[in-house]
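Here are the chains, one letter per residue:
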Amino acid sequence: MTGEIGYDTTAPLTVLPASEEVPMTSAPTDGACHSGATMQDAARAAGKSEILDQYAADYPQGPHDKPQSMCPAFGSLRVGLRMRRVATVLSGSACCVYGLTFVSHFYGARRSVGYVPFNSESLVTGKLFEDIRDAVHELADPERNDAIIVTNLCVPTASGVPLKLLPSEINGVRIIGIDVPGFGIPTHAEAKDVLAGAMLKYARAEIEAGPVQAPASGRSDRPTVALLGEMFPADPMMIGAMLAPLGLAAGPVVPCREWRELYAALDCDVVAAIHPFYTAAVREFQSAGRKVVGSAPVGLDGTAAWLAAIGDAYNVDPARISAAQNAFLPAIKGALAGSRIKGTITLSGYEGSELLVARLLIESGADVPYVGTACPKTQWSAPDLEWLEARGVKVKFRASLEDDLSAMEAIRPDLAVGTTPVVQKAKERAIPALYFTNLISARPLMGPAGAGSLATVVNAAMAGKGRMDDMKAFFEGVGHGDTAGIWEGSPNLRPDFRAAHQKKLDKAAKAAKAEEMI
């Protein structure tokens, strides 16, 4: 440790009195050099106004104008990587591509991600577009790929790299180009819709042009219902079982796992918007003349209402609808009665299924005073919103991290279910917490299987309150403020330096306020 400047050796430094301070210049208010506002202006100047206006209409941003979760492009990347015989190419800053590929492989992608690098010269001269075109031609092998997805991240989008000028197909391989900038897409959940909508639009044009491939499993002998939104693998099978008494069958889940499933999804006369934020996908289904039904068969009330809505959409005889409800509602009621949850829970997330999970928790006996979702309010979320508000639940669409933290701090629940920073803050307060994405949404939610799926993990977490209190007491006073970091001795506190620095901050704030008034 000799020769190293430690905290204590800084003690003799002289603190300037307030009168001798060097004046501070006001910092830019738009954040980093690649701020959202700056890049959006650049993108519009580069000819991207049409797509940005469409994104603004499809994905209204609400109180926060930039993502507060992971990079939105992870959503579309993950959709592409889950599809068979589909290649994925990213165009963006190297650091962004590294982070996206790391996270995708962390979540088990097991697929290569193509990357077209660039520098300032290739970006400005248009060479980047030529490099992307060359990469697409190289990948367009019909023996290996049905489609290639090319995604512009923030910098290429802001620079106006025109993916729409790529060929629509090469050697029979479809080429899908999308822009997924962080300054235009608020959440990674909605980026899934960007790609799903683009693929449905392409597939719909193919259907209109002539015959297309049938599904690998063949066409169903019953009318089918397309399921919109990613869900637990067992949920589509449970939904199919509940549709059977209506004389219906479950169709493909969109986002799909292979290209030909898109044709089968568009062949369904009715679409169930399980996740209500798929605005672009809904637009393509409606353009194909398909009916869309909101909500999902979650819990007792939700399943009864959803079966009735699907039956009405297909003009199923009311007696048959009642028979389907009578076949499954008693089992759901029994599962809910046998898996009770007692306690107050705040719920937040960015997956789009938050309202469905809240309904299930409430019917399981929990008190859920607050639900926050980073996704926007749409007409397809109306049934769940009305049900929750009728039970006194405060539902916040486009909820920011600050909204979720404020609710948790004010309510002090027995359990906080939320995103990583919410869980972290709750545990600092000795409040049991569960990460929504990995521990809640990764469970069956539909029908009888979903009715009892949450109680075990939720009750186990709330039962750990005593352990959380013990840990908080043990670590009290460590890791915050002056005790942050690792020290060999007690930190040398400098209240005089702190006071002088606060005066500097106060003067800067006053100067900024004065500039605003001029």
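Just above, that's the structure.
Here is a short report on the structure shown in this document. (Residues numbered from 1 in each chain as written. Predicted model: local features only at pLDDT ≥ 70, side-chain atom pairs only at ≥ 80, totals over all residues. Heavy atoms only, no water.)

So, about the sheet that holds strand β3 (residues 147–152). The strands that make up a sheet are held in pairs by hydrogen bonds between backbone atoms, and each pair lies either parallel or antiparallel. Pairing in this open sheet of five strands is mixed, and the strands run β2-β1-β3-β5-β4 from one edge to the other. Here the strands that pair on one side only, and so sit at the sheet edges, are β2 (114–115) and β4 (169–170). The pairing of β4 with strand β5 (residues 173–179) spans two bridges and is antiparallel. Residue pairing for β5: Glu169 is matched across the bridge by Arg174. (Pairing = 2+ DSSP bridges. Helix = DSSP H or I, 4+ residues; strand = E, 2+ residues; numbered from the N terminus.)

Ranked by internal contacts, the top residues of the largest apolar core, which has 63 residues, are Leu361 and Val458. Ignoring any residue separated from it by four or fewer positions in sequence, one finds Val458 in contact with Ile341, Ile345, Leu361, Leu415, Leu434 and Ile440. Leu81, Tyr202, Phe285 and Trp380 belong to the second-largest nonpolar core, a separate cluster that totals 51 residues. (Core = buried A, V, L, I, M, F, W, Y, C linked by side-chain atoms within 4.5 Å. Buried < 20%, exposed > 50% of the residue type's maximum accessible area, 1.4 Å probe, protein only. Contact = heavy atoms within 4.5 Å.)

Time to look at the pairing of β5. Most of β5 is tucked away, with six of its seven residues classed as buried. Joining the antiparallel neighbours β4 and β5 is a turn of two residues, in which Asn171 adopts a positive phi near 55°.

Our next topic: the packing of helix α16 (residues 401–411) against helix α17 (residues 420–428). Running from amino to carboxyl end, α16 crosses α17 at an angle of 30°, the nearest separation of the two axes being 10 Å. With respect to α17, the axis of α16 lies roughly parallel. The element α16 and its partner α17 pack so that their crossing is right-handed. Taken together, the residues of α17 that come into contact with α16 (itself represented by Leu401, Asp404, Leu405, Met408 and Glu409) are Pro421, Val422, Lys425 and Ala426. (Axes fitted to C-alpha atoms, helices over the stretch in contact; angles between N-to-C directions. Parallel < 35°, antiparallel > 145°, perpendicular 65-115°, else oblique. Left-handed = near helix turned anticlockwise from the far one by under 90°.)

Following Val254, the chain continues into Pro255 via a peptide bond in cis, with omega recorded as 5°. Along the chain, Pro255 turns up in the loop between β7 (249–254) and α10 (260–267). Phi is positive for Asn171, which is not a glycine, with a value near 55°. Mapped onto the fold, Asn171 is located in the loop between β4 and β5. Accessibility expressed as a relative area gives 54% for Asn171, which makes it exposed. If you check the backbone angles, Ser295 has positive phi at about 70° while not being a glycine. Among the secondary structure elements, Ser295 is positioned in the loop between β9 (291–294) and α12 (299–313). Given a relative accessible area of 6%, Ser295 falls into the buried group.

If you trace the four strands from one edge of the open sheet to the other, you get β7-β6-β8-β9, paired in parallel fashion. Each edge of the open sheet carries a strand with a single partner, namely β7 and β9. Ignoring strand direction, the axes of neighbouring strands in this sheet form an average angle of 30°. Pairing geometry for strand β8 (residues 270–273) and β9, over four bridges, is parallel. Of the residues in β9, the one forming a bridge with Val271 is Val292. Sheet contacts for helix α9 (residues 234–243): β6 (224–228) and β7; angle to β7, the most-contacted strand, approximately 150°.

Take the packing of α12 against helix α14 (residues 354–363) next. At a closest axis distance of 7 Å, the pairing of α12 and α14 adopts a crossing angle of 125°. For the element pair α12 / α14, the angle class is oblique. Residues Gly299, Leu300, Asp301 and Gly302 of α12 pack against Arg359, Leu360 and Glu363 of α14.

Under the definition given, this model contains five aromatic pairs. Each ring, one from Tyr202 and one from Trp259, has its centre 5.7 Å from the other, and the planes form 85°; the classification is edge-to-face. With Tyr202 in helix α8 (residues 188–209) and Trp259 in the loop between β7 and α10, this pair connects stretches of sequence that are 57 residues apart. The class of Trp259 is buried, set by a relative accessible area of 2%. In this structure, Arg391 is placed above the aromatic ring of Trp387, and the distance from its NZ or CZ to the ring centre is 3.8 Å. (Phe/Tyr/Trp six-rings, centres within 6.5 Å; stacked < 30°, edge-to-face > 60°. Lys NZ or Arg CZ within 6 Å of the ring centre and 35° of its normal.)

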